[in-house]
Amino acid sequence: MHSAHERLQAISPSTGKLLGEIDETPIQHVDVFYEKSKMAFNQWSELPVSQRLEYLKKLKEYMVENIEVIAKTIADDTGKVLTEALVADIMPTLDAIQHICQHGTKMLKREKIKTPLLLIGKKSFVEYMPRGVVLVISPWNYPLQLAVVPMISALAAGNTVILKPSEVTPLVGKCIEELFISAGFPDGVVQVAHGGKEVGAAFTNGSPDYIFFTGSVRTGKIIQEVAAKNLVPTTLELGGKDPLIVFADANLERAAKGAVWAAFTNSGQVCMSAERLYVEKSVYPRFLELLKKEVDKLVQGNDENSDIGTMTFPAQVEIVKKQLDEALSRGAELVTGVPSHLWQKGMYLPPTIVKNVTHDMKIIQEEAFGPLLPVVPFETEEQAITLANDTVYGLNASVWTHDRAKARRVASRLVSGAVVINDVIVTVAHHGLPFGGTKQSGIGRYHGSGGLRTFCHEKAIMEDSGRRKSEIQWYPYKGKYPLFLNLFKSYFQSKRNWSTFARMYIKLLKRN
Ligand code: NAD
């Protein structure tokens, strides 16, 4: 994709042909978008949650009716295979809508909280109040789910939404806009601003009440800086360099299949793809053979039976090339794949596994976001943990072993937003679990109950009947100090002295 004369062009990554053009949103329209969104918020936020969820149900029904058209749009625009468009982009989106429709009312309900004895006579609650206008900025790798899931979470919680989808996959951006129109959302509740980073920057500099960003660390830092100027809260879902740790006692055939899928699904353009593989030394040579056997079976293409499609974004090919070239020039060796000068023209990259790498290489330290998997042997559990934690990222990880205690021990020590045992990536598919990163993989979480509350002001409420004329801690203080001393001593000492507590409390009341 590139922009020309304020039109976004969608170029097929697999054929190089022009698929369509989308009008870019003029930057001068930013204020109008926000005004419209703020107006729509007045009514949308007042609707009962159950009524807002009715709109989400209509969206889900419309998506199911048109599921094949949506899958084809995603596959055409990204170059990913149809199966992955369906399984990894559409399914999690539908599942998220379903989860929110089932649990949303309960998750957003005013909650009663126990009131402590020292605050006797009062009632306490937590309320979840929508924030206002949420700006969602999304990437191109799972262009449906990474836009729609934060959108529906924000909407269910009572916010209005402006989406700025990725300019790399503009047809999916347009498709999302049409989905919400077809589902009948009231005017202004959802708006889509099409365009590249200038449009994204203009909307970030506008007047959002919250920014939900998914994309690169580089852009995440820019957005956080802009947001900080007006103290606009953000969620940042950023990159990863996820480790996969295979112990000698694991089901090695399964681990090899899992590693190959986790590294090469969507051509490795997955924030949670396996980007580093650590294998216990005693099984290292055998495991390399198993990996090679699995890779040899993979079919590249763009039809229904293909396993791996193209890269989506030309700039990404360059990043993968640089990492591979540096590793090979410094002594790394290929297990599968070919050196970059032998790559075919176009956007298909070979699934590439590399051994003999050192931990300071870019291939280990920097996100590849491509079909590149370095494999490193380790000797002890401690060493595996240290190596796995040795990057600036921490999004997802996996541990493979039959020893459940060891698996759980290692999982607990990985600095990561999620860890999967004897499987990969799959936490993202369970909408009841939190999703997000540690370190430079991001700030904040969504999915699960927290995923709706993220888009709310959490409000503490206490109620008093208002019948008593005063409170013990109010003025006047005269004569109260020794009474408070005894009250707190009797209350906080290990064995509470209830009679002193009651006497002091009554005396304090009489002083008012
Ligand atoms: P990107 O940061 O280049 O772009 C993401 C979005 O930000 C796009 O819509 C883009 O137009 C917009 N943008 C770019 N510059 C901007 C600016 N200055 N101000 C406002 N908006 C701006 O990322 P990408 O290449 O689209 O996506 C790939 C990255 O996303 C990878 O690093 C990947 O790991 C990460 N990612 C993270 C997750 C996650 O959930 N943690 C999921 C998918 C992808």
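Given the structure is predicted, the values throughout are model-derived calculations rather than measurements.

## Description of the overall build of the protein
When helices and strands are counted, the protein shows 17 helices and 19 strands. By the burial criterion, 53% of the 512 residues in the protein qualify as buried. For the protein, contacts bridging at least 24 residues in sequence account for 72% of all contacts bridging at least 6. Summed over its atoms, the accessible surface of the protein is roughly 23600 Å², and 55% of this surface lies on carbon and sulfur atoms. Mean positive and mean negative side-chain charge positions of the protein (60 and 54 charges, respectively) differ by 15 Å.

## As for the site of the ligand
The environment of the ligand is made up of 30 residues, and the closest members are Lys164, Glu167, Ser216, Thr219 and Glu367. For the ligand, an oxygen atom lies 2.8 Å from a polar atom in the backbone of Ser138. At 3.5 Å, a backbone N or O of Ala201 approaches a nitrogen atom of the ligand. Contact with the protein chains covers 92% of the free accessible surface of the ligand, which is 840 Å². Those elements that provide at least two residues to the shell around the ligand are α7 (197–204), β9 (210–214) and α8 (217–229). Of the residues that constitute the shell around the ligand, the class distribution is 14 nonpolar, 11 polar and five charged. When residues of the shell around the ligand are assigned to domains, at least three fall in each of domain 1 (35–238 + 448–459) and domain 2 (242–430).

## Concerning the side chain of Gln9
Here Gln9 shows up in strand β2 (residues 7–11). Polar contacts involving the side chain of Gln9 include one to the side chain of Glu21, which spans 2.8 Å.

## Considerations on the nonpolar core
Within the largest apolar cluster, 89 residues are counted, with the highest numbers of intra-cluster contacts made by Phe180, Phe185, Val246, Leu277, Phe287 and Leu291. Here the element with the most residues in this core is helix α5 (residues 145–156); it accounts for nine residues. Excluding anything up to four places from it in sequence, Val246 contacts Leu252, Ala255, Leu277, Tyr278, Val279, Glu280, Phe287, Phe378 and Trp400. Membership of the second largest hydrophobic core comes to 30 residues, among which are Val317, Leu349, Val357 and Ala384.

## Thoughts on the pattern of salt bridges
Evaluation of the coordinates by the stated rule reveals 25 salt bridges. Notably, a salt bridge pairs Arg468 with Asp464, separated by 3.9 Å at the nearest N-O pair. The class of Arg468 is partly exposed, set by a relative accessible area of 35%. Bridged by salt links that share partners, the residues Lys122, Asp464, Arg468 and Glu471 form one connected network.

Here is what the cut-offs are and how they apply
Residues numbered from 1 in each chain as written. Predicted model: local features only at pLDDT ≥ 70, side-chain atom pairs only at ≥ 80, totals over all residues. Heavy atoms only, no water. Helix = DSSP H or I, 4+ residues; strand = E, 2+ residues; numbered from the N terminus. Buried < 20%, exposed > 50% of the residue type's maximum accessible area, 1.4 Å probe, protein only. Contact = heavy atoms within 4.5 Å. Areas by Shrake-Rupley, 256 points an atom, 1.4 Å probe, with all protein chains shown as cover. Lys, Arg positive; Asp, Glu negative; His and termini not counted. Charge placed at Lys NZ, Arg CZ, Asp CG, Glu CD. Near = heavy atom within 4 Å. Polar contact = N/O pair within 3.5 Å; in protein donor to acceptor, adjacent residues only side chain to side chain. Nonpolar A, V, L, I, M, F, W, Y, C, P; charged D, E, K, R; others polar. Domains from an automatic or database assignment. Core = buried A, V, L, I, M, F, W, Y, C linked by side-chain atoms within 4.5 Å. Salt bridge = Lys/Arg side-chain N within 4 Å of Asp/Glu carboxyl O.

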